[in-house]
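For reference, the chains in residue letters:
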Amino acid sequence: MIGFHGEYEATVDAKGRFLLPGGLRKQLPEGESRFILGRGFEKCLTLYPMKSWELIVSKISQLNDFDPKVRQFRRQFLGGATEIELDAAGRMLLPASLKEFAGLSKDIVLAAALDRFEIWDAAKYKQLFEDFSSEAFSSLAQEVMQEADKKQDK
């Protein structure tokens, strides 16, 4: 599994392009220039290096097609997923429909999420942290990490 880290600011130009930040590029596997961009679970986009995407698609392809929840999940998750590539200048083009979904304006943040990056409107991303108290974060961490411990003990 790839373990990305960090938050990176970027600016979207009038054509919907942004320069992939150097700190993020350094974390990518050598020669990685193709990505899958899709809708996030929240109002953000997810940027998967091709290697990460292939692992997820492999898991999804094993799900039961006869289960309506699986079909709905696939529609939601795979719908809008678009292959994008770095251009010669190191920029990426955000498709208009995905840009609109996430409400991206000029200033964006690319935030690491282990095997992918989330792309947020900078103001919305900042608001996420302002709206979440340290007490709520502590409770969430306790709950989530207890679940992780239970799975590890199995």
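Conventions and cut-offs
- Think of each chain on its own: its residues are numbered from 1, step by step along the sequence as written.
- The predicted nature of this model means local features are confined to residues of pLDDT at least 70 and side-chain atom pairs, given and counted, to a pLDDT of 80 or more, with totals for whole chains, interfaces and linings taken over all residues.
- Side-chain metrics rest on all non-hydrogen atoms present in the structure, leaving aside hydrogens and water.
- As used in this record, nonpolar core signifies buried Ala, Val, Leu, Ile, Met, Phe, Trp, Tyr and Cys residues forming a set joined through side-chain atoms within 4.5 Å.
- Three labels apply to residues, based on accessible area from a 1.4 Å probe with only protein chains included: buried if under 20% of the type maximum, exposed if over 50%, partly exposed otherwise in between.
- Strands here mean DSSP runs of E at least two residues long; helices mean DSSP runs of H or I at least four residues long; both are numbered from the N terminus.
- Centre distance within 6.5 Å is the pairing criterion for rings of Phe, Tyr and Trp, where only the six-membered ring of Trp is used; planes under 30 degrees apart are then read as stacked, over 60 as edge-to-face, and the remainder as tilted.
- Lysine and arginine charges are scored as sitting over a ring when NZ or CZ, respectively, is within 6 Å of the ring centre and within 35 degrees of the ring normal.
- Two strands qualify as a pair provided that DSSP identifies no fewer than 2 bridges between them.
- To get an axis, fit a line to the C-alpha atoms, keeping to the stretch in contact for a helix; angles then go from 0 to 180 degrees between the N-to-C directions.
- Note on contacts: a residue pair qualifies if any of its non-hydrogen atoms lie within 4.5 Å across the two residues.

**Student:** Please clarify how the nonpolar core should be interpreted in this entry.
**Tutor:** Buried together is how nonpolar side chains tend to be arranged in soluble globular proteins. By size, the foremost hydrophobic cluster in this structure holds 23 residues, and its most contacted members are F18, L20, L47, L110 and I119. Every element with two or more residues in this core is listed here: strand 1 (7-11), strand 3 (34-39), strand 4 (45-49), helix 4 (96-102), strand 7 (107-112) and strand 8 (117-121). M50, W53, I56 and I60 belong to the second-largest nonpolar core, a separate cluster that totals seven residues.

**Student:** Got a minute to help me understand the packing of aromatic side chains in this structure?
**Tutor:** Note on aromatic pairs: each is described by the distance of the centres and the angle between the planes. In the structure shown here, the tally under the stated rule is nine aromatic pairs. Note on F4 and F117: the rings are 4.9 Å apart at their centroids and 40° apart in plane angle, and the pair reads as tilted. Here F117 lies in strand 8 and F4 lies in the segment before strand 1, a separation of 113 residues in the sequence. Between Y48 and F77 the ring centres are 6.4 Å apart and the planes differ by 75°, which places this aromatic pair in the edge-to-face class. Within this pair, whereas Y48 is found in strand 4, its partner F77 is found in helix 3 (residues 68-78), the two being separated by 29 residues in sequence. Note on Y48: relative accessible area 3%, which makes it buried. Through pairs of rings, three or more aromatic residues link up here, namely F41, Y48, W53, F73 and F77. Cation over ring: R39 sits above F101, and NZ or CZ is 5.7 Å from the ring centre.

**Student:** Explain the sheet that holds strand 8 here, please?
**Tutor:** Strands belonging to one sheet form pairs held by backbone hydrogen bonds; the direction of such a pair is parallel or antiparallel. Ordered by their spatial adjacency, six strands build an open sheet running 1-7-8-4-3-5, and the pairing between neighbours is antiparallel. Every other strand in the sheet has two partners, leaving strand 1 and strand 5 (82-85) as the edge strands with one partner each. Between one strand axis and the next, the sheet turns through 30° on average, direction left out of account. With five bridges connecting them, strand 7 and strand 8 associate as antiparallel partners. Residue pairing for strand 8: I108 is matched across the bridge by D121. Running at roughly 100° to strand 4, helix 2 (residues 50-61) makes contact with strand 3, strand 4 and strand 5 of the sheet.

**Student:** Whenever I open this one, the environment of L47 confuses me. Can you help?
**Tutor:** Looking at where L47 falls in the secondary structure, it is placed in strand 4. In sequence terms L47 and A113 are 66 residues apart; their C-alpha atoms lie 9.6 Å from each other. If we ignore the near neighbours within four places in the chain, the residues touching L47 are L20, F35, I36, L37, I84, M92, L110, R116, F117 and I119.

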